[in-house]
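# What the coordinates show
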Amino acid sequence: MGDYLIKDLILLEAGDFVIDHTCNEIGLLLLRFNLVEEYDYPIYAWDIIWSGGRQTVDGMPKRAPYTEDSLKNMILEGVLNLYKNN
């Protein structure tokens, strides 16, 4: 189980990428956006473009939104590895 006390220390930025070793795919974080119009309690998500088998029916790379909290949880649990693009 991950250490959720450090969850707020994970800083995600456009250009960072995550690797899903189970599916053998790489996801590039493209854009952070707020899912709701509430600015006091925002719910942030990331638009991610995936390499590998996650493709649309027309063969283009798959783009999918993930909430920032879910990404951080998957990183803490070891489902995804985060690599910073400095």
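Residues numbered from 1 in each chain as written. Predicted model: local features only at pLDDT ≥ 70, side-chain atom pairs only at ≥ 80, totals over all residues. Heavy atoms only, no water.

This next bit is on the overall build of the chain. Counting its regular elements, the chain contains one helix and five strands. Along its sequence from the N terminus, the chain presents helices and strands in the succession β-β-β-β-α-β. The burial tally for the chain puts 28% of its 86 residues in the buried class. The long-range fraction of contacts in the chain, counting pairs at least 24 apart against all pairs at least 6 apart in sequence, stands at 45%. In the form shown here, the chain has an accessible surface area of approximately 5,900 Å², with 56% of it arising from carbon and sulfur atoms. (Helix = DSSP H or I, 4+ residues; strand = E, 2+ residues; numbered from the N terminus. Buried < 20%, exposed > 50% of the residue type's maximum accessible area, 1.4 Å probe, protein only. Contact = heavy atoms within 4.5 Å. Areas by Shrake-Rupley, 256 points an atom, 1.4 Å probe, with all protein chains shown as cover.)

The next point concerns the side chain of Asp 47. Relative to the elements of secondary structure, Asp 47 occurs in strand 3 (residues 44-55). Classification of Asp 47 as buried rests on a relative accessible area of 12%. Here Arg 63 takes part through its side chain, which lies 2.3 Å from a polar atom of the side chain of Asp 47. Ignoring any residue separated from it by four or fewer positions in sequence, one finds Asp 47 in contact with Leu 28, Leu 29, Leu 30, Leu 31, Phe 33, Arg 63, Ala 64 and Pro 65. (Polar contact = N/O pair within 3.5 Å; in protein donor to acceptor, adjacent residues only side chain to side chain.)

With respect to the element layout, Leu 31 can be found in strand 2 (residues 25-34). Overall, Leu 31 belongs to the partly exposed group, its relative accessible area being 48%. The spacing of Leu 31 and Asp 47 is 16 residues in sequence and 5.2 Å in space, taken between C-alpha atoms. Look past the residues within four positions of Leu 31 in its chain and what remains in contact with it is Ala 45, Trp 46 and Asp 47.

What follows deals with the confidence of the model for the chain. When pLDDT is averaged across the chain, the result is 88; 87% of the residues are at 70 or more. No element of the chain has a lower mean pLDDT than strand 3, which averages 84, and none a higher one than strand 5 (residues 81-83), which averages 97. (pLDDT = per-residue confidence, 0-100.)

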